[in-house]
Structure formats: C-alpha cells, structure tokens
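Geometric and topological summary
Now for the letters of each chain:
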Amino acid sequence: MTRLLSLANELVHEIDKKLDSLTRKNFRLTCKQINAVIMPELFSRLVIKINSQRLDLTISQLQALALGTSKAAEYACTVEILSLSPGMSPFPGGVDYIYSGGQKIVAEIPVASKIEWAHDNLREFLPLVLASARRVKTVIWDMQVLDPQWSQAIVSNFLFSLTNLEELAIRFPGIEYTDLGLHRLTSLRKLYISGYSNELAKETESLAGLVANSPALSHFDIDCIDSETSPALHNFLRKVNHEHPLKLHHLGARACYVELNAATLPHLRNLKSLRLELLNSPTLHIFDTLRKEKIYVNALATDILDRTVLEYMASYTGMEQISLLHISNDEFAPMFWDQVLPRHAETLVQLDIKPIYEGNWCFGELAAQSLVECKNLSTLSLALKREDLAQNKAETTDAIGSLTSPV
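No experiment lies behind these values; they were computed from the predicted model shown. (Residues numbered from 1 in each chain as written. Predicted model: local features only at pLDDT ≥ 70, side-chain atom pairs only at ≥ 80, totals over all residues. Heavy atoms only, no water.)

With that settled, the discussion passes to the pattern of salt bridges. Tallied over the entire structure, the rule returns 12 salt bridges. The closest approach of N and O atoms between Asp142 and Arg171, which form a salt bridge, is 2.4 Å. Placement of Asp142 in strand β5 (residues 138-142) and of Arg171 in strand β6 (residues 167-171) is noted, with a sequence separation of 29 residues between them. A residue is classified by how much of its surface remains accessible, and Asp142, at 21% relative accessible area, is partly exposed. (Salt bridge = Lys/Arg side-chain N within 4 Å of Asp/Glu carboxyl O. Helix = DSSP H or I, 4+ residues; strand = E, 2+ residues; numbered from the N terminus. Buried < 20%, exposed > 50% of the residue type's maximum accessible area, 1.4 Å probe, protein only.)

Here we come to the nonpolar core. Counting residues in each nonpolar core, the largest one holds 104 residues, and the members touching the most others are Phe220, Phe287, Met313, Phe336, Trp337, Leu351 and Leu371. Here this core takes six residues from helix α7 (residues 112-132), the largest share from any one element. Non-local contacts of Phe287, meaning those with residues more than four positions away in its chain, are made with Leu274, Leu276, Leu300, Thr302, Ile304, Thr308, Val309 and Tyr312. (Core = buried A, V, L, I, M, F, W, Y, C linked by side-chain atoms within 4.5 Å. Contact = heavy atoms within 4.5 Å.)

Scanning all chains against the criterion turns up one cavity of 30 Å³ or more. Its boundaries defined by the atoms lining it, the largest cavity holds a volume of some 40 Å³. Lining the largest cavity are Leu251, Val258, Leu260, Leu268, Leu271, Leu274, Leu276, Ile286 and Leu290. Those elements that place two or more of their residues in the lining of the largest cavity are β10 (273-277) and α11 (286-292). A class-by-class count of the residues in the lining of the largest cavity yields nine nonpolar, no polar and no charged. (1 Å grid on protein atoms, 1.4 Å probe; cavity = no way out; pocket = protein on both sides within 12 Å on 5 of 7 lines; lining within 4 Å. Points joined across faces, edges and corners; volume = space filled by probe spheres on them. Nonpolar A, V, L, I, M, F, W, Y, C, P; charged D, E, K, R; others polar.)

Turning our attention to the packing of aromatic side chains. The final tally for this structure, using the stated rule, is eight aromatic pairs. Taking 5.5 Å as the distance between ring centres and 55 degrees as the angle between the ring planes, the aromatic pair formed by Phe287 and Tyr312 counts as tilted. Of the two residues, Phe287 sits in helix α11 while Tyr312 sits in helix α12 (residues 307-314), which places them 25 residues apart along the sequence. Ring centres 6.3 Å apart and planes at 40 degrees place the aromatic pair Tyr296 and Tyr312 in the tilted group. With Tyr296 in the loop between α11 and β11 (299-302) and Tyr312 in helix α12, the pair connects residues that are 16 residues apart, well separated along the chain. Tyr296 sits in the partly exposed class, given a relative accessible area of 29%. A cation over an aromatic ring shows up here: Arg184 above the ring of Phe160, its NZ or CZ 3.8 Å from the ring centre. (Phe/Tyr/Trp six-rings, centres within 6.5 Å; stacked < 30°, edge-to-face > 60°. Lys NZ or Arg CZ within 6 Å of the ring centre and 35° of its normal.)

Time to look at the confidence of the model for the protein chain. Residues shown with low pLDDT carry predicted positions that ought not to be read at fine detail. Residues at a pLDDT of 70 or more form 89% of the protein chain, whose mean pLDDT is 87. At the low end of the mean pLDDT range in the protein chain sits helix α16 (residues 393-400), at 51; at the high end sits β11, at 98. (pLDDT = per-residue confidence, 0-100.)

In this section: the packing of helix α3 (residues 21-28) against helix α4 (residues 32-42). Relative orientation of the contacting elements α3 and α4 amounts to 135 degrees, with a least axis distance of 8 Å. Of the possible angle classes, the one that applies to α3 and α4 is oblique. In contact with Arg24, Phe27 and Arg28 of α3, α4 contributes Ile34, Asn35, Ile38, Met39 and Leu42. (Axes fitted to C-alpha atoms, helices over the stretch in contact; angles between N-to-C directions. Parallel < 35°, antiparallel > 145°, perpendicular 65-115°, else oblique.)

So, on to α7. For α7, spanning 21 residues, the distance from its first C-alpha to its last is 30 Å, which sits close to the expected 30 Å at 1.5 Å a residue. A bend of about 30 degrees at Phe125 is the largest found in α7, and the proline Pro127 appears one to four places after it. Inspection of α7 places Ala118, Asn121, Leu122, Phe125, Leu126, Val129 and Leu130 among the buried residues, and these make up the whole buried set. Structurally, α7 contributes buried residues whose contacts are with β1 (45-50), α5 (55-67), α6 (72-75), β2 (78-84) and α8 (149-161). (Expected span 1.5 Å × (residues − 1). Bend = angle between axes of the 7 residues up to and from the residue.)

Next comes the structure, spelled out in structure tokens:
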C-alpha cells in the first residue's frame, strides 16, 4: 500500500481506468488518500436528466446531491442538463419501457399527482445541487419543450454565478421561453448554439452581447435546425470591438447566412477549423476569399463542392481532416484525387467523403492511387462501389490495411 500511495496521481488515475466498475468502487474506498485522488476524476461530469422514466430514482439522486449525502456535484467540471421535464417520456411515441427479469415491458405512466410531486422536489433541490457545483468550466444545456419556465431561470442564474465557465453549449427548445439574459455571461472560450431560426433570431441581440463580452472566444458554432429565416454570422459579431477582433480557431455554421467581408474576416485570421453546411447565402466567393486572404484551415467539413473549394484546398499544404458531405457532383472527383489530396498526403489523418450516389467519389482505382500516399491517415470513411469491391478485393485490402479506423 505504501508503494501505491507514493505513485504520482496520474499513475493512480491510469490504474483506476483499467478496473471494472465494482473494483473501481472498492479501490476508491481503500483509503482516504486514494479516494481523494480518484474522486475529482470519477465525478468530473454531472448529468441531470429528469423525465418520466425512473422518476423516484432520479428525484432521490437529486435530493442526495442537494442535501450533501452525495458530494459528486462538488467535483463536477462539466454539467450536462439534458431534461428537466418530469412528465416527458424519453421514448418515441410517449411510451416508457423498463426491464424486469430480462424482459422489456411497458412502464407505468406517472399520474398527475406524481408529476406534481416531482416538480415540487425539482424546484426545491435543483438550485441547491447547482449551487454546490462551483468548479464547473463546461455546461451543456439541452432545453426541452416540457421544461418548466421557472427551471430556465434557475439554470440561467447558475450560469451567471460560475466564475470559471469557459464553454457553453445550449439548444433552444422550439417553444416560447423566458429571456435568458445570456449577454450577462463573460469570458467564454467556446460557444455552441443550436435551435430553430426564430429562436436564434430572438436571441441574436443577447448572444451578440455574450460574444462581445468574451474576447478570448476561440470556438463558435451555430447550428440552425431549419432554414426559414437564417441567422447571419455578422449579426453575432457586430458588437465586438473592431480594434480588438476575436481570434477564432473554429467556426461552424449550419443553415446560416455567411458572408466573408470587413465585418467577419478580421475575426477569422487565426482560423484552423471550419464547418459549413446548408448555407442560405451565396457560397461562390467564400473559398475564393479564404484563399486570397491566405486563411488556411487544418480541418474542413462542408457540403459545398465547386471548383473554388478544390482550388482553395489545392493552394496550400498541411490539412489534417477533410470531410466532404452529401456530395453529388461527380465531375470534381478526379481533381480532388489528383490535385488536392496529394497536397496533404504528409499530414492528413482523417478523410470522410459521403457521396449521394455511386461514382468517382467512391473508393476505387482513382482514389486508391492517392490514398496509398497518405502515410499518416488513420481514419477513412468512403463509400464502396459494389462492382469495384468484388473485382478489386485485393487492392482494396492493400490500400486500407494500415488504417486504424476504416469506416
């Protein structure tokens, strides 16, 4: 035991990771010193998920956290709030299932009085649980349609109280909700937002204030679920001091309006990762502008495919991740395999190409000639043509034999 206690904490953590759940529990209870080392890692993530399934258990767990019977919340660095809806079923169709004696059976639906009881307990205990989570740096908040409005105020106040908050991921629920006052948050480094266009439009002013109050923001992701009224990237950036632009390393935009101009380009000079999907704006000049401004990313995921995209990727070297999504234009495939991929053969680690139809984007002789030169490629996701798979089985095996994660 003395030798074990003399090990560095990092080695104790590695030992702990190799154990099964029961042994990990026994290992933690061996002595106070071992427990003190393992507890922060073991309880670094706190997940709060209240729905109609196992309502008694989840409320009792919340009570234990609130009253201090469990100290797990005190060690949490990440808090995930996935549901605060006692009356919501987590299953499609609103039917709950449980396992009893190895059989999957329909669970009893909580009656109205039970749901009301759960609401009362949730309202009492949730603020206490969140108040004890003082180490939190990351919050993931997945707002649900049936979450009570008072719960939104509780979570918002929790966010405002955190002095070390660096990362926020929030999904708006698709219903009317209270003003969250997100502009009061400061000093975020990573921000991920998703929701319907009308919700993002409603929160644009507040989110713009949040972005302006976070000068160290390096990751910004906007995921619009629909495309009726696409949020515009420049509106989220418009409150930032122009003399001190952001230094974004990652930008993600789905179903948004993205224009690279004087309002947005200053914030993208340090960009290393870019994700663009389903944009509701002209895309012809985006990659031309990136090339002319010499903004070269290491990771690119996009469903935009035209000559400007390929010319951009062929204009430099050093890409590590390439994801081409929902590709339907087969005529550009030869240019990609012959002129683009060889430029990044020394550095490429991950390649993901998802064509809609069989063709030159699928694995075949054209692709194999370039792929064999990618010595550091560890993850490959390509479609296979049935005829080529049957005829060239040996070549296919040789080309992907060194991959650690062929998909």
